[in-house]
Amino acid sequence: MSTLSQACLWLDAAPPAVPARPPLRQSSSCDVAIIGGGYTGLWTAYYLKRAAPELDVALLEAQRCGDGASGRNGGWLLGGLAQQERHLLSLQGAAREQARRSLFGIVDEVAAVLARERIDCDFAHGGVLYAAARYPEQAAMGRDWLRQLRRAGHGEADFRWLDAAEMAAQLGVSGVGGGIYSPHCAVIDPAKLAWGLARAVAALGVRIHEDSPVRRWSAGKLYLADCELSARVVVPALEGAASQFSALSRCLLPVQSLLLATEPLSTAQWDEIGLARRQAFGDLSRMVTYGQRSADGRLVFGARGGYRLGGRVQWDFDPDAEAFRWRERLLRRLFPALGATAVQYRWGGTLGVARAFTPYVLYDRRAGLAMAGGYGGEGVGAANLMGRTLAQLILERPDPLTAMPWVSTEGGLERVRRWAPEPIPWLGYHLVRSGYALEERLCASGGAPAWSKRGAARLASALEALLA
Ligand SMILES: Cc1cc2nc3c(=O)[nH]c(=O)nc-3n(C[C@H](O)[C@H](O)[C@H](O)COP(=O)(O)OP(=O)(O)OC[C@H]3O[C@@H](n4cnc5c(N)ncnc54)[C@H](O)[C@@H]3O)c2cc1C
């Protein structure tokens, strides 16, 4: 019989293969100083050092590399970017095609690095299934989304409608009514990726200092407890934790997401559930559900999280909280094959959401600042693309990536749209959530009149647009 753990499956399963790197204790200087040892910081360091081995790059991490969102996420490695349709619609012809290629190329690029650096992170490139499940309105939501994808230039090879039988052959969820398949996604063990990258980055000669929280930062200088680090360029790679620095306050909204992992399932259960190629999956409701079949045969499942007044960051979660029980009920409704299988892990983390839900890359040469973020829960793949882009910007080597519409090189931090001061984000977030919860309740209950479901959906979308 398993016991319930509030620890993160990935961080708990195996300790990092290397001892903690020494904290920074003496003042020094470097060419590029990166704050944060998650994917954004690690990928930036990786591409910088490969392109310019002579560069002195230091990375400062408050805890251990991967302890933030990067080591505790759902492990969807998407070849995409939140709100990519908006960007693609602003481009035409060859420029649009170039942008699509750079997004879809993320998965192959990560796979190439994993092979080159011998990083084993249980990578499986099985694509992603967005299933219309549980209630019929999800199929209409999926068809709507597919129309938007087509307008943005994506064809059948990128996003394809599966009818109910085709979907059921791959994913055994309840009430299946078809859905969308895309090949542009892989799944990974997130912590193994973060640790493997940290090892590769250190081997390239990047100075990694763990247990080294940066307390303050001003033009070209980072202040730690006992020393300072000067740098020509500073890269704050903090995502959900960005607001601790006043210069970045209100750039990103720190939002929580929560996950569960079951015990390993039996072969008979997997025969019923499917996911034979370890496809990532979610349903098409607005609860933003996401899951994967882990390499050791567990169902890992998460859904849209919470937001704390004042934008407080959260890493510790009460495993008995209603928020987890609600996710477990949703998981069991989706997968009756689970039967009495226990949920063994419950954990969460904090991610960053940018205004208009649109991630960005920014380079300000004069201020010596390079940053990226606001991935909104889709940062595993995006951080690779943004890390590559940041490296090219810092090295001042323009290429197609540095010309993408999500990159700003003019106007500095002023270009980043800030969220409204509290309590507006807190109120807005909870209103939007309530709107979606109402829509979900009405649809899932079955008997509600169609006008009430449409009304709830419109209300939630309008609130979300207002908040953005
Ligand atoms: C529960 C959850 C599930 C998710 N699921 C998915 C998913 O399936 N697919 C997907 O694409 N995205 C997912 N995401 C989002 C994704 O994990 C993030 O977008 C991505 O990991 C961000 O990487 P990062 O390096 O920018 O930030 P982080 O990984 O958060 O790294 C920031 C680092 O900065 C460090 N730090 C903070 N303050 C300081 C300081 N003062 N000094 C030094 N260091 C500091 C932190 O310790 C942390 O290690 C999920 C996020 C969460 C929380």
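Residues numbered from 1 in each chain as written. Predicted model: local features only at pLDDT ≥ 70, side-chain atom pairs only at ≥ 80, totals over all residues. Heavy atoms only, no water.

A. Geometry of the overall build of the protein. Within the protein one finds 14 helices and 19 strands. In terms of overall size, the protein behaves like a compact globule, its C-alpha atoms giving a radius of gyration of 22 Å where 468 residues would be expected to give roughly 23 Å. Its C-alpha atoms give the protein principal-axis dimensions of roughly 65 × 50 × 45 Å. Evaluated residue by residue, the protein yields a buried proportion of 58% over its 468 residues. When contacts within the protein are restricted to residue pairs at least 6 apart in sequence, those whose partners lie at least 24 apart make up 77%. Looking at the protein as shown, the accessible area adds up to about 18,800 Å², and 54% of this sits on carbon and sulfur atoms. (Helix = DSSP H or I, 4+ residues; strand = E, 2+ residues; numbered from the N terminus. Rg over C-alpha atoms; globule rule 2.2 N^0.38 Å. Buried < 20%, exposed > 50% of the residue type's maximum accessible area, 1.4 Å probe, protein only. Contact = heavy atoms within 4.5 Å. Areas by Shrake-Rupley, 256 points an atom, 1.4 Å probe, with all protein chains shown as cover.)

B. Structural view of the packing of helix α2 (residues 39–51) against helix α12 (residues 379–394). Relative orientation of the contacting elements α2 and α12 amounts to 40°, with a least axis distance of 7 Å. The pairing of α2 with α12 is recorded here as oblique in orientation. The crossing of α2 and α12 is right-handed. Contacts from Tyr-39, Thr-40, Trp-43, Thr-44, Tyr-47 and Leu-48 of α2 reach α12 at Gly-379, Val-380, Ala-383, Asn-384, Gly-387, Arg-388, Leu-390, Ala-391 and Ile-394. (Axes fitted to C-alpha atoms, helices over the stretch in contact; angles between N-to-C directions. Parallel < 35°, antiparallel > 145°, perpendicular 65-115°, else oblique. Left-handed = near helix turned anticlockwise from the far one by under 90°.)

C. Representation of the domain arrangement of the protein. The domain architecture assigned to the protein consists of domain 1 (13–74 + 190–251 + 356–415), domain 2 (123–186 + 254–353) and domain 3 (424–467). Look at where the C-alpha atoms of domain 1 and domain 3 centre, and you get two points 37 Å apart. (Domains from an automatic or database assignment.)

D. Representation of the packing of α2 against helix α9 (residues 190–203). Viewed as axis vectors pointing N to C, α2 and α9 meet at an angle of 35°, and their least axial separation amounts to 10 Å. In this structure, α2 crosses over α9, and the sense of that crossing is left-handed. Residues Tyr-39, Leu-42, Trp-43, Ala-45 and Tyr-46 of α2 lie in contact with α9, whose contacting residues are Pro-190, Leu-193, Ala-194, Leu-197, Ala-198, Ala-200 and Val-201. Residue composition of the contact of α2 with α9, grouped by class: 12 nonpolar, no polar and no charged. (Nonpolar A, V, L, I, M, F, W, Y, C, P; charged D, E, K, R; others polar.)

E. View of the site of the ligand. Around the ligand there are 38 residues in total, and Thr-40, Glu-61, Ser-70, Gln-244 and Val-380 lie nearest to it. Contact distances for the ligand include 3.0 Å between an oxygen atom and a backbone N or O atom of Tyr-39. Within the backbone of Gly-74, an N or O atom sits 3.0 Å from a nitrogen atom of the ligand. For the shell around the ligand, the elements supplying multiple residues, two or more each, are α2, α3 (69–72), β12 (252–262), β16 (343–354) and α12. (Near = heavy atom within 4 Å. Polar contact = N/O pair within 3.5 Å; in protein donor to acceptor, adjacent residues only side chain to side chain.)

F. Main features of the environment of Ala-354. Within the secondary structure, Ala-354 is located in strand β16. Given the relative accessible area of 1%, Ala-354 is considered buried. In sequence terms Ala-354 and Ser-218 are 136 residues apart; their C-alpha atoms lie 22 Å from each other.

G. Summary view of the layout of surface pockets. If you add up the space inside the second largest pocket, you get close to 300 Å³. Lining the second largest pocket are 17 residues; nearest its centre among them are Thr-358, Pro-359, Tyr-360, Arg-415 and Arg-417. Taken together, the elements giving at least two residues each to the lining of the second largest pocket come down to α4 (84–89), β17 (360–364) and β19 (407–408). When residues in the lining of the second largest pocket are grouped by element, the largest group, three residues, is from β17. (1 Å grid on protein atoms, 1.4 Å probe; cavity = no way out; pocket = protein on both sides within 12 Å on 5 of 7 lines; lining within 4 Å. Points joined across faces, edges and corners; volume = space filled by probe spheres on them.)

H. Up close: the nonpolar core. With 60 residues, the main nonpolar core has Val-32, Tyr-39, Trp-43 and Trp-406 as its most contacted residues. Element by element, the count of residues in this core is highest for α12, at nine residues. With residues up to four places along the chain from it excluded, the contact list for Val-32 reads Leu-48, Leu-55, Asp-56, Val-57, Ala-58, Ala-231, Val-233, Val-235 and Ile-394. (Core = buried A, V, L, I, M, F, W, Y, C linked by side-chain atoms within 4.5 Å.)

I. View of the side chain of Asp-283. Note on placement: Asp-283 falls in strand β13 (residues 280–283). Of the polar contacts made by the side chain of Asp-283, one reaches the side chain of Arg-134; its length is 3.0 Å. Ignoring sequence-local partners within four residues, the contact set of Asp-283 consists of Ala-131, Ala-133, Arg-134, Gln-138, Thr-289 and Leu-334.

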